[in-house]
Structure formats: structure tokens, C-alpha cells
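Residue-level listing of the chains:
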Amino acid sequence: TNQYQNILVENPHPGVGKITLNRPRALNALSSSLFQELNHALQDFDNDESTGAIVLTGSEKAFAAGADIKEMKDLTFSKAYNTNFIASWSSTIPNIRKPIIAAVNGHAVGGGCELALMADILYCSSSAMFGQPEIKLGIIPGAGGSQRLTAAIGKSRAMELILTGKNFSGTEAAQWGVAATVFDTAEECVQGALKTASKIAEMSQLAVRAAKEVVNKSQETGLREGLDYERKVFHGLFGSKDQKIGMSAFVEKKKPEWSNE
Ligand code: CAA
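All figures in this text were calculated on a predicted structure; none of them were measured in a lab.

A. Summary view of the site of the ligand. Close to the ligand lie 22 residues, the nearest being Ala29, Ala65, Gly66, Gly110 and Gly111. Split by residue class, the shell around the ligand holds 12 nonpolar, 6 polar and 4 charged.

Below is the structure:
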């Protein structure tokens, strides 16, 4: 039974957690209650030993149409500041240690685009519609769009999109390196994400954690510091059982049976 009102949570394949944003009448607009549920479900999967990777998706029509405008309409500066409005969007997801794969179909605009950009791997269908339309509402992106989108596609393109609010397609997302893979249909996109999640879930979970950690480090530090960090973590893995298991299996031409230790 589903304990949530705005999301669906499943384990469609062994090792794979799937979260589907499910607020169809508002195109999955990210209300506070939806985000609370999303954070809760992500944390649960992160804590669950049998889950190796998480797929986050919406519907064919909308991944998410952004922050809930009806909820924000009467917000004041003091209330936004005092409650640290939408800070909770950045408190959980960046601390999830298991890989999150976003399967984006339909509208992924405003906070929906920003949520997709928070994922570790982004898959989309060619007809997906991304964008940061906040400027049209008299505001700016508030959940990382100005930073993560700019890092992903460069300053000039990001400026153009954020200053005009125009959309970009799934096909463009793939051309620009926002999406790892673009699929023809929504169904193929979700299946592709689940398949990649299964593949990741079959690896040593210790090594997967370390890999995610070092790649993310590259987004936050300079090259020299990032390389030092990578090497330290790399050295550390020679203290794991899974390094011995993985390399012995290769030499013995066997399939490794990971211990996750
Ligand atoms: N918040 C609240 N409700 C929303 C919503 C949102 N972000 N987006 C859509 N909805 C609601 C609509 O109000 C509508 O509800 P009613 O039936 O009660 O009128 C329902 O979802 C269906 O929407 P549309 O009829 O508009 O659907 P469409 O297919 O014609 O258009 C769309 C789709 C182009 C995505 C359009 O809904 C739209 O422009 N939505 C708003 C997008 C937006 O501006 N997002 C940015 C929000 S600000 C933000 O996210 C800040 C941040 O950085 C964190």
C-alpha cells in the first residue's frame, strides 16, 4: 500500500527503487507536501540495503511543471526568508548517496527542470520540454537552475533560456549534454532508466557510492583538489573486500559475488 498522496513508490526490479511523481491534475507541480514525500521516499531507498539505484519519473505529460504557483502566489519576502522557502529541496537530494536516474517525459519546467538537473543521470524522450520560465512570473530560478543549468550547457545558452523563459526539447537536452540519452518514446525512456538502474544495482554498492562521490566532487572543486580527492578514495578501495572479489573474479574468469564490504 502506498503511504503517499503525491507520489508512487515501487520496487519494479530487484535492487531498483522507483518513484513516480503523481499529482496529475497539477502536472506534478512541486508543492511542499509533494516535496516532503519525495524527500522521505528518497531517504527510505537510500537507507534500504537492498536498493542499489533509484529511478525518478513523472507521467508522459509532465515530469513536473515547477514549484506550485498557487502555493507561492501570496508568499511574502519575510515568509520566504523566515521559512527558508524551498531550501528543503536542496537538503535531501544532494545528500542521497545512491545514484538517482531521472526519466524525464513531457514538461520539466521551472523547479521540474531543476529537479531533473539534480539527478545523477538524466534520460529523456525527444518530446520532453525543459525550461526555466520563472522570468515570465517575475521571479528567477530558485532551486539551482542558474547554477546547474549553466554548468551543464554553458553561460550563453543558459542566459538566453533563463532571460527569455523559452523551452528546450529533449533532443536539444541530449545535444547539449544535459541528458545522457534521448529516447523516442516515454515508455522507452522509463524502461531505459530502469535498465540502467538494474545494471548499477548489480555492481559493488561500495564502489558505486565511491564513484558517485568522486564524480560529484568534480562539480564542486578545482581540478587539482578533485584529482587528489579521487586518488584518496581510489586508494581507500584497496581496503575493501569487493576490490579483492572483483579483481580475483576477473583473473579467474568468474562473475563477482559482491560483499558490499
Ligand atoms: N503550479 C501550480 N499549478 C500548475 C502548475 C504550477 N507550476 N503548472 C500547471 N499547473 C496546473 C494548472 O494551473 C492547471 O490547473 P487547473 O486545471 O486547475 O487550471 C493544470 O495544472 C494543467 O495545466 P495547464 O492547463 O496549464 O496545462 P497545459 O498543458 O496547457 O500547459 C504548461 C502546460 C505549459 C506546463 C503550463 O501548465 C505552465 O506553463 N505551467 C507553469 C510552468 C511554470 O511557470 N513553472 C515555474 C514555476 S516557478 C518555479 O518553479 C520556481 C523555482 O525555481 C523553484
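B. Representation of the domain arrangement of the protein. Domain assignment breaks the protein into domain 1 (7–201) and domain 2 (205–251). One C-alpha centre belongs to domain 1, the other to domain 2, and the line joining them spans 27 Å. Counting from both sides, the interface comprises 6 residues of domain 1 and, opposite them, 5 residues of domain 2. Of the residues contributing to the side of domain 1 that touches domain 2, the split by class is 3 nonpolar, 1 polar and 2 charged.

C. Representation of the environment of Arg23 within the structure. In this structure, Arg23 sits in the loop between β2 (16–21) and α1 (32–47). For Arg23, a count of 22 C-beta atoms within 10 Å corresponds to the buried category. Between the C-alpha atom of Arg23 and that of Thr221, which follows or precedes it by 198 residues, the distance is 37 Å. Excluding its chain neighbours within four sequence positions, the residues that come into contact with Arg23 are Asn6, Asn28, Ala29 and Leu34.

D. Summary view of the packing of helix α4 (residues 111–118) against helix α5 (residues 145–153). Running from N to C, α4 and α5 cross one another at 55°; their axes reach a closest spacing of 10 Å. In terms of axis orientation, α4 runs oblique to α5. Every pair of crossing elements has a handedness; the one defined by α4 and α5 is left-handed. Contact with α4, carried on its side by Cys113, Glu114 and Leu117, involves Gly145, Arg148, Leu149 and Ala152 of α5 and no other residues of that element. Its residues assigned to classes, the contact of α4 with α5 comprises 4 nonpolar, 1 polar and 2 charged.

E. Representation of the sheet that holds strand β4 (residues 62–64) in the model. Pairing in this open sheet of 4 strands is mixed, and the strands run β4-β6-β8-β9 from one edge to the other. The open sheet has two edge strands with one neighbour each: β4 and β9 (167–169). The mean inter-strand angle of the sheet, taken between neighbouring strand axes irrespective of direction, is 25°. Sheet analysis places strand β6 (residues 107–109) next to strand β8 (residues 129–131), joined by 3 bridges and oriented parallel. In the strand pairing of β8, Ala108 is matched with Phe130. Relative to the sheet, α4 contacts β4, β6 and β8, its axis offset from that of β6 by approximately 90°.

F. Geometry of the pairing of strand β3 (residues 53–57). A large share of β3 lies buried, amounting to 5 of its 5 residues. On β3, burial covers both faces: Ala53, Val55 and Thr57 on one face and Ile54 and Leu56 on the other are all buried. Sheet topology places β2 next to β3; 5 bridges connect them, and they run parallel. The residue bridging Thr20 from the neighbouring strand is Thr57, located in β3. Remark: the β2/α1/β3 crossover connection has right-handed handedness.

G. Examining the sheet that holds strand β5 (residues 100–104) more closely. Spatial ordering of the open sheet is given by β1-β2-β3-β5-β7-β10, a layout of 6 strands whose pairing is mixed. Among the strands making up the open sheet, the edge pair consists of β1 (7–13) and β10 (181–183). Neighbour-to-neighbour, the strand axes of this sheet turn through a mean angle of 20°, independent of strand direction. Of the pairings in the sheet, the one linking β3 to β5 comprises 4 bridges and is parallel in character. Along β5, the bridge assignment pairs Thr57 with Ala103.

Conventions adopted
Residues numbered from 1 in each chain as written. Predicted model: local features only at pLDDT ≥ 70, side-chain atom pairs only at ≥ 80, totals over all residues. Near = placed C-beta within 6 Å. Nonpolar A, V, L, I, M, F, W, Y, C, P; charged D, E, K, R; others polar. Domains from an automatic or database assignment. Contact = placed C-beta atoms within 7 Å. Helix = DSSP H or I, 4+ residues; strand = E, 2+ residues; numbered from the N terminus. Buried ≥ 20, exposed ≤ 12 C-beta atoms within 10 Å, placed from the backbone. Axes fitted to C-alpha atoms, helices over the stretch in contact; angles between N-to-C directions. Parallel < 35°, antiparallel > 145°, perpendicular 65-115°, else oblique. Left-handed = near helix turned anticlockwise from the far one by under 90°. Pairing = 2+ DSSP bridges. Right-handed = clockwise from strand over helix to strand, strands pointing away.

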